[in-house]
Amino acid sequence: MGPLAGIRILEIGHMLAGPYATMMLADLGAEVIKIEPPDGDISRQVGDSYFASLNRGKRSICVDLTSEAGQRELGELVAESHALLANLKPSAIHRYGLTYDALRRWNDRIVCLALTGFGLEAGDDPAFDYVIQATTGVAALTGDPLGPPTLPGYSAADNSAGLTAALGLLAQIVSGRGGQVEVSLRDVMLSQLNYRASSYLNDGVEPRRLPMGAHSYYVPAQLFPTADGYLALFITHDKFWRLFAAEADIVGPATMKERAERRDEVLALVVGALATDTAASWESRLRPLGVPVAAVRTLPEALAANPEVIVDAGAFRLIRSPIQIAGYEPDYGAPPRLDEHGGANLGVL
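We now turn to the structure provided with this report. Keep in mind it's a predicted model, so treat the numbers as computed, not measured. (Residues numbered from 1 in each chain as written. Predicted model: local features only at pLDDT ≥ 70, side-chain atom pairs only at ≥ 80, totals over all residues. Heavy atoms only, no water.)

**Examining helix α13 (residues 279-286)**
Basically, it comes down to this: Burial classes follow relative accessibility: with a 1.4 Å probe on protein chains only, a residue under 20% of its type's maximum area counts as buried, one over 50% as exposed, and anything between as partly exposed. Under the DSSP-based scheme used, a helix requires at least four consecutive residues in state H or I and a strand at least two consecutive residues in state E, with every element numbered from the N terminus. Taking the helix axis as origin, the arc is that swept by the directions to the C-beta atoms. In what follows, a contact means two residues having at least one pair of non-hydrogen atoms within 4.5 Å.
Considered for burial, the residues of α13 that qualify are Ala279, Trp282, Glu283 and Leu286. Relative to the axis of α13, the buried residues are bounded by an arc of 100 degrees and lie together on one face. Against β8 (230-234), α10 (238-248), α12 (263-274) and β9 (293-295) lie the buried residues of α13.

**Description of the packing of helix α1 (residues 17-27) against helix α7 (residues 156-175)**
For clarity, the threshold we go by: Under this scheme, a helix contributes an axis fitted over its contacting stretch, all axes are lines through C-alpha atoms, and angles between N-to-C directions fall in the 0 to 180 degree range. Reported orientations rely on four angle classes, namely roughly parallel under 35 degrees, roughly antiparallel over 145, roughly perpendicular from 65 to 115, and oblique for the rest. A clockwise turn of the near helix away from the far one marks a right-handed crossing, whereas an anticlockwise turn of less than a right angle marks a left-handed crossing. When residue character is reported, Ala, Val, Leu, Ile, Met, Phe, Trp, Tyr, Cys and Pro are called nonpolar, Asp, Glu, Lys and Arg charged, and the others, Gly included, polar.
Where α1 meets α7, the axes come as close as 7 Å, and the angle between the chain directions of the two elements is 50 degrees. In terms of orientation, α1 and α7 fall into the oblique class. The way α1 lies across α7 gives a crossing that is right-handed. Here Ala17, Tyr20, Ala21, Met24 and Leu25 of α1 come into contact with α7, specifically with Asp158, Asn159, Gly162, Leu163, Ala165, Ala166, Leu169 and Leu170. Among the residues forming the contact of α1 with α7, the class breakdown is 10 nonpolar, 2 polar and 1 charged.

**Description of a nonpolar patch on the surface**
So the rule is basically this: Here the term patch refers to residues with relative accessible area over 30% and no salt bridge, with like charges joined within 9 Å and nonpolar side chains (Val, Leu, Ile, Met, Phe, Trp, Tyr) within 5 Å. Throughout, the Shrake-Rupley method with a 1.4 Å probe supplies accessible areas, and for residues the shown protein chains are the sole cover considered. Salt-bridge detection follows one rule: a side-chain nitrogen of Lys or Arg within 4 Å of a carboxyl oxygen of Asp or Glu.
A contiguous nonpolar patch, built from Leu223, Tyr230 and Val296 and spanning about 270 Å² of accessible area, is present on the exposed surface. Taking the relative accessible area as the measure of exposure, Leu223 reaches 33% and is therefore partly exposed.

**Things to note about the pairing of strand β11 (residues 316-319)**
The condition is simple: DSSP bridges decide pairing: two strands pair if at least two such bridges lie between them.
With 4 bridges joining them, strand β10 (residues 310-313) and β11 adopt antiparallel strand pairing. Paired with Ala313 across the bridge in β11 is Phe316. The antiparallel hairpin formed by β10 and β11 contains 2 residues in its connecting segment, where Gly314 sits at a positive phi of about 65 degrees.

**Brief notes about the layout of surface pockets**
What counts is decided by this rule: Think of a 1 Å grid over just the protein atoms. A cavity is a set of points where a 1.4 Å probe fits yet cannot get out, a pocket is an open set with protein on both sides within 12 Å along at least five of seven lines, and lining residues have an atom within 4 Å of a point. Grid points are joined across faces, edges and corners, and a volume is the space filled by probe spheres set on the points.
Taken as a whole, the largest pocket spans an internal volume of roughly 830 Å³. Lining of the largest pocket is provided by 41 residues; of these, Gly13, His14, Asn87, Leu88 and Lys89 occupy positions nearest its centre. Where the lining of the largest pocket is concerned, the elements lending two or more residues are β1 (8-13), β2 (31-36), α4 (90-95), β5 (111-116) and α6 (129-135). The volume enclosed by the second largest pocket comes to roughly 650 Å³. Every residue lining the second largest pocket is counted, 22 residues in all, and those nearest its centre are Tyr20, Ser53, Leu299, Leu318 and Ile319. If you list the elements that add at least two residues to the lining of the second largest pocket, you get α1, α2 (48-55), α14 (299-305) and β11. Considered class by class, the residues forming the lining of the second largest pocket number 15 nonpolar, 4 polar and 3 charged.

**Here's the deal with the packing of aromatic side chains**
Cut-off, in case you're wondering: Aromatic contacts are taken between Phe, Tyr and Trp rings whose centres are within 6.5 Å, Trp giving its six-membered ring; a plane angle under 30 degrees counts as stacked, one over 60 as edge-to-face, and the others as tilted. Put simply, a charge is over a ring when the Lys NZ or the Arg CZ is close to the ring centre, within 6 Å, and near the line of the ring normal, within 35 degrees.
Enumeration according to the criterion identifies 3 aromatic pairs in this entry. Seen in terms of ring centroids, Tyr218 and Phe234 are 6.0 Å apart; in terms of plane orientation they differ by 70 degrees. Their pairing is edge-to-face. Placement of the pair is Tyr218 in the loop between α9 (194-203) and β7 (221-225) and Phe234 in strand β8, with a sequence separation of 16 residues. A relative accessible area of 25% places Tyr218 in the partly exposed class. Aromatic pair Trp241 and Phe244: ring centres 5.9 Å apart, planes at 50 degrees, arrangement tilted. In this pair, Trp241 and Phe244 both sit in helix α10, 3 residues apart, roughly one turn of the helix. By the burial criterion, Trp241 is buried, and Phe244 matches it. Among the aromatic side chains, those forming a connected cluster through ring pairs are Tyr217, Tyr218 and Phe234. Across from the ring centre of Tyr96, 5.0 Å away, lies the NZ or CZ of Arg95, which sits over that ring. In this structure, Arg285 is placed above the aromatic ring of Trp282, and the distance from its NZ or CZ to the ring centre is 4.0 Å.

Okay, here's the thing in structure tokens:
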């Protein structure tokens, strides 16, 4: 049995952040009931593999929350559950009565988590992943300084907010008290800019983009071209530098502070050295020495190199839970068909 066995969580949401949060909890043994509108979560329209990547191991029931009968059914579910996660715009969360104040009459120990773009009382401004990355400064920090701002190749804001929501929901369940919990995508991404924000707020250092994704302080810590392919090299401690410099046959500033102050000089040395061999070869030479390094791989190459992370969930091959607990192997169930568990098929705790 998983560590969350016996915990029932209701999910009312769509697309990514909320469903990702509850899928993480389902992987840990929670019973997750996905409450969908009659036409289903809109992510079903994106494609079966997309839906599966966010909804494995859940149950699905259709409830029309706009109807009196649907509201009664919601109340009956709340009475038998530990938590409800709502990932909708704030007006919809209020309109459908998905807050603790609205649901406590059914269960005063229910935990209600509102996962929104800017906050439960902040209005309905659209808050999709790319919008949040733009408005919080993440996009402005990403990309080459001579080019436009850019975005990572995955939904960084949605996934990060989902993980944060799962943590917040569990924290309130563990407290034994019902109540309202809020997580917004904006707050999550600003929180993830922690040291960048602290440097600006306390030292007046405004963040800026550096070539090849370079770190704002550590040198050399960025991507580098090689004779074939790109290499990620992340040297922080002076020991790492000594090991790398000896293998690369270069001499440069010995301390972290000196390397930061003489960034251009150090980078010129490193670029010249790395150009003499391939990314794959540098990785094989430096990794046994303990130097933080990796050749840049595509996703197919990364999956081929790490087959243990691929699991079967019904007919789908997916990435396993990132949480590994000794003695427990998740039961990666298939994603549910729409309303598969409606009516008598749901069962009780």
